[in-house]
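Spelled out, the chains give:
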Amino acid sequence: MKVLVKAILVSLAVLVVCACSKANDRASTIDPRTGKHAAGWVVANTGGSHPAAFLSVPSACYGCHGKDLKGGISNVSCFSASRNGISCHPGGPSGHPAGWAAPDAHGAAAKALLSGMNGLAHCQVCHGADFAGGTANKSCLNTAGCHGAGIFAAHPAKPWLDIGHNGARTHASTDPSNAAACAVCHTGGANSRRTPAPPAPAGTAPGCFNNTLCHGVEGHAIGWSSYSSHGRAAKAAAGGIVIHGVTSPISSFGECTQCHGAAYDGGSAQQSCVNTCHGVAAPHPARPWRSATGGPTHVDTNTDNAAQCALCHTGGANSTRVPVPGDPVGLTGCFNNTLCHGTVGHPAGWGVPAQHGTAAKGAPTTSTGFASCQPCHGSTFQNGTAPSCLNSLTCHGLTVSAPHPAKPWTGTTSTGTTHTTTDPGNAAICAACHTAGANSSIVPPNPASGPAGCYNNTMCHFHQIPFLAAPGPGIGVHGALAKQDLRVCQGCHGVPGSTSFDGRVLSSGVTTIACSSCHTAAKAHATDWQGSGTYSHRTAQNIANACIICHDVTQGRTAPLPASPSCFSASFTNALGQARTCHSGGPGVAPHPVPYNNHNATARSNFPYCLGCHQVAADVTTQGGKVIPRCLTCHLSDPTVTSTGCTSCHANPPAGASYPNTAGTHATHVAASRVSSMTLSCADCHSGLGLGTVDHLNRARARAAAVLANPVVFSATPIMQAGTGGTPSFAGGATGQCSNTYCHGGRMSGGDTTGTNRAPAWGSTLLPGTLSSAACGLCHGFPPSAASGHPTGITIPAGFPTTASLGTTCSCHPNINQAGNSYANIFVDKSLHINGVLDVSASAPHAVPNYNHQAAGTGAACIACHAIGSATSVYPAAVAGAAPDCRGCHKKAAPGSATGFGACGSCHGSLTATNATTQGRPVGTTFPDRVGYHSGQSDSAHGTAACSVCHNLSVSGTGATVNHGPGNRNANPDVVGPFVNGITTASPPGKGVTIPANSVTCVHGTISAGCSGGGTKTNRW
């Protein structure tokens, strides 16, 4: 007992000691499954997770690597130069590499992109979040040997900026990914001479240029350093400039000084333009800065910049050109002898239009194009050192405020001046005066915004001159423009106010091209113009002002051009002999019913007819304000692309993931399945909702994102309605189940309801991949229930279909292959399965009635179709066409319940008869087993005579004739005769019709010799 107590006390002591001891320092760094550190413990470049773990609890490493960290029991030294291809720290697990104190080493690493061992955040791991020492116990602040005594920062003294560009240390090269570390000291501009305004919204992540630290958004757009960007802007006049399609608000040298300083040496931007980018002590390339090959040049600098040029070039300073005293003096600084140049002119004869005009109208270069004139003549051609191009008596004209001759400037002679030969590249210069047709006799019908162009409605013209020759794309182009406003065309190509489109005679004597030279029959439009052909007037946009030129557009009006049809014509035969349908109700009245439910029939055969009024993507508003709907009002995509299919709204069948193109199980319903060749049409399940119906139109027009109500209406076809049962229906919602449909077993003949999935959910998989008994029982019982009238006693062979076949089990159905074991061969003809017709043999495999059916044996062959039944079973079967129960005739017992001499006992006689004399001999009290005199109680002859002595049976005891079975099943002794061997019934007449209730006179005839008593005998049988 003492030993036991001692053992318990020792155990408790151990538990107490363990409970109070220090936790295993290595527990969190060692994977207990491997005994090694977890993945990511040592990672190249970043170091992985082991540096932080060591710095937080150095002693945790001693247990394996030794107190000196030279290897210990792990034999892995922390002083290794490398391990597994990763560089380690041969000087020990602390400190930095040799030379780390040099700014080019640790400074460059600290300012680099935050990644791995680079970035200020990596320094904070050891030196602390505030750089005051941290786990390394080494401060980066106020250190004489580091950044300097009195400098409470993890970097050199402010402004820490290389202002003179002489190689001083600078923060300007710090990667912005370090912003969070900088925020420790500089949030909101703290400890800096720069304070952002306004402050960044609360919660904004630290960033170098988002007002959270010292700077706001600064600098120029990407690509600004390119000469083609900042160079062009600097040389331009003040007020902004468009460069590469982007507007820069900064232009002129003067505006550069606002940030870069008056001497371009840094300014508030602290970015000098001299001795840096350009490589010379100037805010431009090295002299002579005059490329003749497309490179940088000063010759296209706007003269408004003269004041800035004077900072370095007054009196020709820093230039190879010095002005000569006495030279002519111009109007601006660039050419007035104050800088480098005196007055600079053009070559002799420059005033002739053939010289300066040709150069000005040429493609823009440094010496051609209107823009080449501006450096000297000014951006508006009326300033600069050279004479003004405007209102000049000796130049373009005293009252001509333009750098070209007076309008229309459309000379047609070889010596005349004209703008028609001006290169389109000058459009931006022309736009200064002619935007939207200003200062011109030609105004575009639909002025447009955007980059200036000669033929895009931004200035004067709205089409190319000349149009492309027919038959080319020019037809469609000028036709579309003409339909915007035909009067605009008539202004140049006809006589406004008349019906003439035969050209116009200009003041120069030249006649413009006549529209009627191409449109010989219809003056100004295609001959086949009614809408059924390629071209159509139905999208003409100015009926009231343009069509009225020739046509009757207000019923009863006399058409100005008598040969033109009225807009109220029912039809019109054009000059090509084509009869076209018009609109007897007048313009804008649809030539079809509205809504036009079955318009698809017309569209598929003649889409241009539809597009005569309708557009695919936009509504058309007529002059009367009526809106002609666009095709995409209903269609989800362009119906002209697939005009013969349904795919402008959904695939056929639907095959997508969103309504109305939701796949569901559409594909399996429209294609032959594993068990049937039956295919459904849309109308089978969507009766009355199909193409051409009002419901279809309304549903399409709704453009709903979810299924609309009542999407399924079943048709009256046999595939839906055959058999018996409830009305086919569909339950919407998440499951979407079909119920009471013939095709899914909901209306089986006889009312069988034992199918396991007669209301499948939409979108679910119905049939398994391979044939099985379960698959055969999805829609109907396998076999169907007895309640449906199907024969009972049928058992599907165990192992079907893998190890056993059906054989004769389903022999009443000739379409079932007795040897079938897969979807491919289970049916003789797959098209006969699920076809709306009950597929049962046209006749039974025996005569009906089959009086000699006992020859089939004890029932194995019979019960394939017949049920045994009960005493209440009837004949014929209650369900028409069904096989009758055995006990519909065998009233006393089930056939086969006894064998041998007792076999007849299922109707009459004893089931336990042991010899031929007693076999089938009646022993009961009711027909057909009424004993009567059969037992021999009247005389021994009746108790021992064979049945055939009295009863006419062709084959004794077999029931092979009509005289046996029918009498039993009808409980009618009238059919047990006629008798044989001279036996007859005399009174009352008729084969014992009153048997057994009344006396019967039996005349024994020829049998009298063998029967006791013989002759005539009256019996009460």
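Quick look at the structure, then. Note that the structure is predicted; figures quoted are calculated from it, not measured. (Residues numbered from 1 in each chain as written. Predicted model: local features only at pLDDT ≥ 70, side-chain atom pairs only at ≥ 80, totals over all residues. Heavy atoms only, no water.)

**A word on the overall build of the protein chain**
Link 1 in the chain: A count of helices and strands for the protein chain gives 24 helices and 17 strands.
Link 2 in the chain: A total of 1021 residues make up the protein chain; the buried ones form 32% of that total.
Link 3 in the chain: Across the protein chain, the fraction of contacts at a sequence separation of at least 24, relative to all contacts at a separation of at least 6, is 37%.
Link 4 in the chain: When the accessible surface of the protein chain is totalled, it reaches about 55900 Å², and 61% of it is carbon and sulfur. (Helix = DSSP H or I, 4+ residues; strand = E, 2+ residues; numbered from the N terminus. Buried < 20%, exposed > 50% of the residue type's maximum accessible area, 1.4 Å probe, protein only. Contact = heavy atoms within 4.5 Å. Areas by Shrake-Rupley, 256 points an atom, 1.4 Å probe, with all protein chains shown as cover.)

**Notes on the nonpolar core**
Link 1 in the chain: By size, the foremost hydrophobic cluster in this structure holds 24 residues, and its most contacted members are Ile-719, Met-720 and Phe-800.
Link 2 in the chain: Put simply, the parts of the chain that give this core at least two residues each are α20 (718–721) and α21 (773–776).
Link 3 in the chain: Sequence-distant contacts of Phe-800, defined by excluding residues within four places in its chain, comprise Leu-771, Ser-773, Cys-776, Phe-782, Ser-805, Leu-806, Gly-820 and Ile-826.
Link 4 in the chain: Ranked by size, the runner-up nonpolar core spans nine residues in total, among them Cys-489, Cys-515, Ala-546 and Cys-550. (Core = buried A, V, L, I, M, F, W, Y, C linked by side-chain atoms within 4.5 Å.)

**Looking at the side chain of Thr-143**
Link 1 in the chain: Examined against the element boundaries, Thr-143 turns out to sit in the loop between α5 (120–127) and α6 (179–186).
Link 2 in the chain: Take Thr-143: its relative accessible area is 17%, and that puts it in the buried class.
Link 3 in the chain: Apart from residues no more than four positions distant in its own chain, Thr-143 is found in contact with Gly-148 and Ala-149.

**Observations regarding the packing of aromatic side chains**
Link 1 in the chain: Under the criterion given, the structure shown has two aromatic pairs.
Link 2 in the chain: Each ring, one from Phe-782 and one from Phe-800, has its centre 5.9 Å from the other, and the planes form 45 degrees; the classification is tilted. Taken together, the residues span a long stretch of sequence, with Phe-782 in the loop between α21 and α22 (940–944) and Phe-800 in the loop between α21 and α22 at a distance of 18 residues.
Link 3 in the chain: Note on Phe-782: relative accessible area 22%, which makes it partly exposed. (Phe/Tyr/Trp six-rings, centres within 6.5 Å; stacked < 30°, edge-to-face > 60°.)

**Here we look at unusual backbone geometry**
Link 1 in the chain: For the bond running from Tyr-659 to Pro-660, omega is 5 degrees, close enough to zero to count as cis.
Link 2 in the chain: Here Pro-660 is to be found in the loop between β11 (657–658) and β12 (661–662).
Link 3 in the chain: Residue Pro-801 is bonded to the preceding Phe-800 through a cis peptide linkage, with omega at 0 degrees.
Link 4 in the chain: We note that Ala-436 has phi near 60 degrees; this positive angle belongs to a residue other than glycine.
Link 5 in the chain: Structurally, Ala-436 is set in the loop between α12 (427–434) and α13 (473–484).

**Some remarks on α12**
Link 1 in the chain: Three or more residues of α12 are buried, namely Ala-427, Ala-431 and His-434. The buried residues of α12 all sit within an arc of 85 degrees when viewed along its axis, so they share a single face.
Link 2 in the chain: Positive phi shows up at Ala-436, right after α12, with a value of about 60 degrees. (Arc of directions from axis to C-beta.)

**Thoughts on the pattern of salt bridges**
Link 1 in the chain: One pass over the structure, following the stated rule, counts five salt bridges.
Link 2 in the chain: Between Asp-104 and Arg-169 there is a salt bridge, with the nearest N and O atoms lying 3.0 Å from each other. Separated by 65 residues along the polypeptide, Asp-104 in helix α4 (residues 103–111) and Arg-169 in the loop between α5 and α6 bring together distant segments of the chain.
Link 3 in the chain: What makes Asp-104 exposed here is its relative accessible area of 59%.
Link 4 in the chain: Of the charged contacts, one joins Lys-235 and Asp-300 as a salt bridge, the two residues approaching to 2.7 Å between their closest N and O atoms. Of this pair, Lys-235 sits in helix α7 (residues 227–235) while Asp-300 sits in the loop between α8 (253–260) and α9 (306–313), and the two are 65 residues apart along the sequence. (Salt bridge = Lys/Arg side-chain N within 4 Å of Asp/Glu carboxyl O.)

**Thoughts on the state of the cysteines**
Link 1 in the chain: Summed over the entire model, instances satisfying the criterion amount to zero disulfides.
Link 2 in the chain: Considering cysteine sulfurs only, Cys-489 is the nearest to Cys-515, which forms no disulfide, with 6.1 Å between them. (Disulfide = S-S within 2.5 Å.)

Read these as geometric descriptors, not functional statements.
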